[in-house]
Amino acid sequence: MKNLILEKLKQKKEYMSGEELSQLLNVSRTAIWKHINELRNEGYNIVSSTKKGYILAETPDLLDSRELRIPKGQIIGRELVHFNEIDSTNNYAKKIANEGCQHGTIVVADRQTMGRGRVGRQWESFSSEGLWFSIVLRPDLEPEYIQIVTLAAAVAVVEGILENQGIVCGIKWPNDIILDNYKLGGILTELSAEPDHINYVVVGIGININQDKNAFGDEIKNKATSLKIHTGKRISRVRLLESILSKFEQIYSELIQGKTKEIINIWSKYSVTIGKEVRIIFKGNEYVGLAQAISPDGKLIVKCNDGEFREISSGEIQVRGLLGYI
Ligand code: BTN
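Overview of the structure. Here the residue numbers are simple positions, counted from 1 along each chain's written sequence. Totals for whole chains, interfaces and linings use all residues, but because this is a predicted model, local features are given only for residues with pLDDT of at least 70 and pairs of side-chain atoms are given and counted only at 80 or more. Hydrogens and water molecules were not included; the side-chain quantities draw on all heavy atoms of the structure.

**Notes on the side chain of S88**
Applied cut-off: A run of H or I in DSSP counts as a helix once it spans at least four residues, and a run of E counts as a strand once it spans at least two, with each numbered from the N terminus. Residue burial is assigned from relative accessible area. The probe radius is 1.4 Å, only protein chains are included, and a residue is buried under 20% of its type maximum, exposed over 50%, and partly exposed in between. Here, two residues are considered to be in contact whenever any of their heavy atoms come within 4.5 Å of each other.
The residue S88 is located in the loop between β3 (80-86) and α4 (89-98) in this model. Residue S88 is classed as buried on the basis of its relative accessible area of 2%. The contact partners of S88, leaving out residues within four places of it in the chain, are Q112, M114 and R116.

Next up, the structure:
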């Protein structure tokens, strides 16, 4: 009932009297008043006037299906699962992917109690000031092209931020989103596959949005930034999420059409890694070299100081020049 009232107020965009709502929805005026108060508690700014009734003045920055607008025909985000709090959206996405959820389903949480980063790290996401979400994909791709999915996701994040905020971010291979030389976000891609077939991919994306500098824990406070720190103002998470999902939809369709070369070219345009000196901690060994390019299957090609070219697909890489090594 509460959501029906909300829909009516959104459609009307003008004052609606308690009487009008109660007749339309066949409930008492007291019930209408009770639900209006519940909506207010959730952050909806509903103004009331004794003569004119209720009007929806402002919607809150909620990441649920009442506020997230997915254009008709868009596959990414057509199914949405929202939690106020969960251990990790990637964990939940993997669970429902194993149970057969649809391609394009997204799992979003306001807070994660056990957010996970790459290489077994923790991902700080206790506060509801960030955007923490996972996308379930069922791509018809050979498992070795998984790295391209991560590159595509990084491009979608950067282009979503550009469209929504006009801010140009960089990408540190393979998946760190960089702003003002600090880490703004990251991507954790997890795969379930047979030798020649991908069952599903979960692309987990974390972006710092409205945190202040002092909100970050000791471990990351000298490395992390947020969009609010950069712009000085609060940013709507839900509108930004819409932009990222729509960019992801576009780039994913290119990926499926086999346009991996084009994706690598766009990725390289935003790269802060190519042409830079990098230090690689790879299979227990450490190398320094010059990052040259991305291979057709998404690996980083590095000319190491020992003269060897190495193609890096996992492990750690640190880019010199960005706050030392980040
Ligand atoms: C990194 O280490 O840079 C990757 C960070 C990925 C964090 C996101 S937040 C949403 C999703 N759920 C998780 O537990 N991790 C990813």
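**Here's the deal with the pattern of salt bridges**
Quick reminder of the rule: One speaks of a salt bridge when a side-chain nitrogen belonging to Lys or Arg is within 4 Å of a carboxyl oxygen belonging to Asp or Glu.
Applying the stated criterion across every chain, the model contains 23 salt bridges. The residue R29 makes a salt bridge to E19 at a minimum N-O spacing of 3.5 Å. One end of the pair, R29, is in helix α3 (residues 29-41); the other, E19, is in helix α2 (residues 18-25), with 10 residues separating them in the sequence. With a closest N to O distance of 2.9 Å, E242 and R239 form a salt bridge.

**Looking at the environment of K34**
When you line up the elements, K34 lands in helix α3. Residues K34 and K2, spaced 32 residues apart in sequence, show a C-alpha to C-alpha distance of 8.9 Å.

**Considering the pairing of strand β8 (residues 182-194)**
We apply this condition: By the convention used here, strands pair only if DSSP detects at least 2 bridges between them.
Alignment of strand β7 (residues 176-179) against β8, held across 3 bridges, turns out to be antiparallel. Its bridge partner being in β8, I177 is matched across the sheet by G185. Counting the residues between successive antiparallel strands, the hairpin from β7 to β8 contains 2 residues, one of them, D180, with a positive phi of roughly 55°. Across 10 bridges, β8 lies against strand β9 (residues 197-208) in antiparallel orientation. Each bridged residue has a counterpart across the sheet, and for E190 the counterpart in β9 is V202. Counting the residues that bridge the hairpin from β8 to β9 gives 2 residues.

**Concerning the nonpolar core**
Generally speaking, nonpolar side chains in soluble globular proteins are found buried as a group. The test is simple: Residues belong to a common nonpolar core when they are buried Ala, Val, Leu, Ile, Met, Phe, Trp, Tyr or Cys residues joined through side-chain atoms within 4.5 Å. Throughout the structure description, domain borders are defined by an automatic or database domain assignment.
Formed by 62 residues in total, the largest nonpolar core has its most connected members in F133, I135, L137, L227 and L241. Sorting elements by how many residues they give to this core places helix α5 (residues 146-165) first, with 12 residues. Viewed by domain, this core spans two of them, domain 2 (80-270) and domain 3 (277-319), each represented by three or more residues. In this structure, F133 is in contact with T89, V107, V108, V203, G204, I205, L241, I244 and L245, ignoring residues within four places of it in sequence.

**Overview of the packing of α5 against helix α7 (residues 237-256)**
Just so we agree on the cut-off: Orientation is described by axes fitted as lines to C-alpha atoms, over the contacting stretch for helices, and by angles from 0 to 180 degrees between their N-to-C directions. When describing relative orientation, an angle under 35 degrees is termed roughly parallel and one over 145 degrees roughly antiparallel, while 65 to 115 degrees is termed roughly perpendicular and anything else oblique. For any helix crossing, the convention is left-handed if the near helix is rotated counterclockwise from the far helix by under a right angle, and right-handed if that rotation is clockwise. Only Asp, Glu, Lys and Arg are considered charged in this grouping, and only Ala, Val, Leu, Ile, Met, Phe, Trp, Tyr, Cys and Pro are considered nonpolar; every other residue, Gly among them, is considered polar.
As a packed pair, α5 and α7 sit with axes 8 Å apart at the nearest point and diverge in direction by 140°. In terms of axis orientation, α5 runs oblique to α7. As for how α5 packs across α7, the hand of that crossing is right-handed. Note on element contacts: α7 touches α5 through R239, L240, S243, I244, K247, F248, I251 and L255, opposite I148, V149, A152, A153, V155, A156, V157, E159, G160, I161, E163 and N164. Considered class by class, the residues forming the contact of α5 with α7 number 13 nonpolar, 3 polar and 4 charged.

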